[in-house]
Amino acid sequence: MKKKVIAVFDIGKTNKKILLFDQNLKVVFQNEQKFPTIQDDDGFECDDIDLIRKWVVSTMEELVSGDEYEPVAVNYSTYGATLAYLGDKGDLLTPIYNYLKPMPPEIPQALYQKYGGQEEFCRKTAGHAMGMLNAGLQILWLKKEKPEVYSKVKHILHFPQYLSYILTGKVVSEYTSIGCHTAMWDFDNKRYHKWLADENIILPEPIPDSTVFETEVAGHKLLSGIGIHDSSASLAPYFLGTDDKFLLVSTGTWCINMNPFNDEPLTSEQLRNDCLCFLSIQQKPVKSSRLFMGHIHDVNVARIADFFHAAGNAYKHVKPDEFLVRKYLSGNDKKLFFKNGVPSDYIDTSVNLGMFSSFEEAYTRFVFDLTLLCADSIRLVIPKNDQVKKLFISGGFARNEIFVRLLGNIFPDKSVYTSEIDNSTAMGAALVVWDVLKTKKPEVDLGLKQWMPFEK
C-alpha cells in the first residue's frame, strides 16, 4: 500500500526542494535541486521560471505515478518579493524578476509624495523603502517602464500562488504574501492600500492559507494548497507546537526577532530602527526586528582570531567562563565592543585587543557585547503590555551557550529555550493544509531545550 503524504515545494533563491511529510509529520523523502539562473529582458540575473515550472510538474507526475507514495495534497513555500504577470490565456508575460534588480528611485518617490511622504507610507504599509523588495512597487515599475507589456497583464500573482497556479489554474491571493514588505497592505485599515485602486491595479482578494483546490496530475486527483510566504511558514510550527505566547529569535547571517503577540501599531521610530510587520497564518501582524548579527560576528571574530593567531573556527570551542560573565554582568551592561554603535563596515577596530589575555577572553567579551546589541533589537518588538513568557532561539546562535544563557539574564521574566526544527518552512507549509489528511494533527516537536541564565 502506498504511503499517504503531503508534498511541499520549498523554493529558495539558491536551493529548490521537494519534501514529503507522512502522517506523523516526518520527512520520508527529500530532493534538492539547484537551477542555473538566466538573464531577464534587461540583462539582470533571475530565476529560470521555465525550468522551475517543468520541475514542479514532472516531479508531481513521477510521485503520483510511483509505487511508494500517494500525495494527497501539495503546497508551496517561497521567498515573497516576486510576482508573476499573466496574460489573457494564463501565459507568463515576463521573467520572474529578481528582487535585487535596481529600481529607478523616481518611481517610489512619486508614490510616497502622493500618499503622505515616505515615512508615513512605509509606516502604514509596515515595511522599509527597499525598491524591488517592495513587491507591489514592481507592478508600478512594470507599468511605467514597460507599458506595452503591462497593457497585456490580466492577472498578477505572488510567487507562492503562481506555483499553485501551475497545477490548479486558480488565480488567488493570500495574506502572508501580501503582508511582508510589499507596500501593498494597509496595516492600519487591514486591506489593500488605496494606491493600488488609484492606479487601477486589480488584485485578487486574499483567502485563508488553509484553502485547497482539487486538481489532477497524470490522471490522479489530489488537493493543492495556495502557497505561503516562507517567513510566515517558518512560524507556523511554533503556533501549532505550543499554546503559550512566544517570541522567536531566528539566528543566522541575519538575526530576525519575531513577536506574533505584539498588537501595537508599528511606529516611525521602530521603522527607522529596522523593524517591520508581516502577516501570520492567523492574518495578524507579526512585529519583526533584525540585526546583521551573523555577519557582525564573523568579521569581528576573524579580526580577534588573527590578533591571537587562533584558528578561524576556534570560537566554536570556547566554553562559557562563569567568572568572566559574572564580572561583565556586574558592569551595568556597558559595552566595550560597539560602545559607539556598529561601524559601517561592521568591524569594531576601536577595541584594543591587547587588553585581553587570550582569544577565549576576547571572544567571551565580544559575544557578551554582541548579545547586548541583539537584546536592543529584541526590545524593539516587545510591547509595553508584554505577556510573552517564552523566548525561543533557533539557528546557528542556538549553539552558542554564552549567547543563549545571557539572554536569560537580560530578559529575566522570560524562559529561554533553544529550538531545533529541521525544514521548519516546509513543515509550516504542510501544516496549514494538514486537515486534508483527515487525521489528527500530530504533535509538533519544536526540539526545545531550556537554558538557565548565568548566576550573578
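On a predicted model such as this, the values are computed, not experimentally measured, just so you know. (Residues numbered from 1 in each chain as written. Predicted model: local features only at pLDDT ≥ 70, side-chain atom pairs only at ≥ 80, totals over all residues. Heavy atoms only, no water.)

**Some points on the overall build of the chain**
When helices and strands are tallied, the chain shows 15 helices and 22 strands. Here the C-alpha atoms of the chain give a radius of gyration of 23 Å, agreeing with the 23 Å that 2.2 N^0.38 yields for 456 residues. In terms of overall dimensions, the chain has a C-alpha envelope of 70 × 60 × 45 Å along the principal axes. Counting over 456 residues, the chain shows a buried share of 55%. Here the analysis covers contacts within the chain between residues at least 6 apart in sequence; of these, 73% occur between residues at least 24 apart. Surface accessibility of the chain: about 20500 Å² in total, with carbon and sulfur atoms responsible for 47%. Each charge class in the chain can be summarised by its mean position, and for the 51 positive and 58 negative side chains these summaries are 4 Å apart. (Helix = DSSP H or I, 4+ residues; strand = E, 2+ residues; numbered from the N terminus. Rg over C-alpha atoms; globule rule 2.2 N^0.38 Å. Buried < 20%, exposed > 50% of the residue type's maximum accessible area, 1.4 Å probe, protein only. Contact = heavy atoms within 4.5 Å. Areas by Shrake-Rupley, 256 points an atom, 1.4 Å probe, with all protein chains shown as cover. Lys, Arg positive; Asp, Glu negative; His and termini not counted. Charge placed at Lys NZ, Arg CZ, Asp CG, Glu CD.)

**Here's the deal with empty space enclosed by the protein**
Across all of its chains, the model carries two cavities of 30 Å³ or more by this definition. Taken as a whole, the largest cavity holds about 40 Å³ of empty space. In terms of lining residues, the largest cavity is bounded by Y112, F121, C122, T125, G127, H128, A129, N134, H181 and A183. Residue classes in the lining of the largest cavity are distributed as five nonpolar, five polar and no charged. Reported here for the second largest cavity is a volume of approximately 30 Å³. Lining the second largest cavity we find I156, L157, H158, V172, S173, Y192, L203 and P204. A per-class count over the lining of the second largest cavity returns six nonpolar, two polar and no charged. (1 Å grid on protein atoms, 1.4 Å probe; cavity = no way out; pocket = protein on both sides within 12 Å on 5 of 7 lines; lining within 4 Å. Points joined across faces, edges and corners; volume = space filled by probe spheres on them. Nonpolar A, V, L, I, M, F, W, Y, C, P; charged D, E, K, R; others polar.)

**Topic: the pattern of salt bridges**
The final tally for this structure, using the stated rule, is 21 salt bridges. Measuring nitrogen to oxygen at the nearest pair gives 2.4 Å for the salt bridge that ties K414 to D386. In this pair, K414 sits in the loop between helix 14 (401-410) and strand 21 (415-419) while D386 sits in the loop between helix 13 (359-379) and strand 20 (390-395), placing the two residues 28 residues apart along the sequence. We classify K414 as buried; its relative accessible area is 7%. With its nearest N and O atoms 3.6 Å apart, the salt bridge here joins K414 to D413. By sharing partners, the salt bridges in this structure join D40, D41, D42, K101 and K146 into a single network. (Salt bridge = Lys/Arg side-chain N within 4 Å of Asp/Glu carboxyl O.)

**Some details on the packing of helix 2 (residues 106-114) against helix 4 (residues 135-145)**
At a minimum axis separation of 10 Å, helix 2 and helix 4 run at an interaxial angle of 115°. Taken together, the axes of helix 2 and helix 4 lie roughly perpendicular to each other. Regarding helix 2 and helix 4, the two cross each other, and that crossing is right-handed. Facing helix 2, whose interface residues are I107, P108, L111 and Y112, helix 4 presents L137, L140, W141, K144 and E145. Classifying every residue of the contact of helix 2 with helix 4 gives seven nonpolar, no polar and two charged. (Axes fitted to C-alpha atoms, helices over the stretch in contact; angles between N-to-C directions. Parallel < 35°, antiparallel > 145°, perpendicular 65-115°, else oblique. Left-handed = near helix turned anticlockwise from the far one by under 90°.)

**So, the side chain of T251**
Relative to the helices and strands, T251 resides in strand 16 (residues 246-251). A distance of 3.3 Å separates a polar atom in the side chain of T251 from the backbone nitrogen of G396. Here the side chain of T251 touches F397 through a polar contact of 2.9 Å, landing on its backbone nitrogen. Among all residues touching T251, those that are not within four sequence positions of it are M293, I393, S394, G395, G396, F397, A398 and F403. (Polar contact = N/O pair within 3.5 Å; in protein donor to acceptor, adjacent residues only side chain to side chain.)

**Quick notes on helix 11 (residues 293-307)**
Each α-helix winds once per 3.6 residues, and so residues spaced three or four apart point in a common direction. With 15 residues, helix 11 extends 21 Å from end C-alpha to end C-alpha; this agrees with the ideal 21 Å at 1.5 Å per step. Here helix 11 has its buried residues at M293, G294, I296, H297, N300, V301, I304 and A305. An end-on view of helix 11 places all buried positions within 150° of arc, on one side of the element. A positive backbone phi angle near 55° is found at H309, which sits one or two residues after helix 11. (Expected span 1.5 Å × (residues − 1). Arc of directions from axis to C-beta.)

**Things to note about the layout of surface pockets**
Of the pockets and cavities examined, the largest pocket occupies roughly 1500 Å³. Among the secondary structure elements, those contributing two or more residues to the lining of the largest pocket are strand 1 (3-11), helix 9 (230-241), strand 16, strand 17 (255-259), strand 18 (275-279), strand 19 (285-291), strand 20 and helix 15 (424-431). It is helix 9 that provides the largest number of residues to the lining of the largest pocket, a total of four residues. For the lining of the largest pocket, the residue count by class is 18 nonpolar, 20 polar and nine charged. Roughly 700 Å³ of volume is contained in the second largest pocket. Lining the second largest pocket are 28 residues, and of these N262, D263, E264, K284 and P285 sit closest to its centre.

**Overview of the pairing of strand 19**
With respect to burial, strand 19 is a largely interior element, five of its seven residues being buried. Bridge analysis of strand 17 against strand 19 gives five bridges, and the strand direction is antiparallel. Considered in strand 19, the bridge of N257 is made with S289. Pairing analysis gives five bridges linking strand 18 to strand 19, with the strands arranged antiparallel. Its bridge partner being in strand 19, C277 is matched across the sheet by K287. Between the antiparallel neighbours strand 18 and strand 19 lie five residues, among them Q283 with a positive phi of about 65°. (Pairing = 2+ DSSP bridges.)

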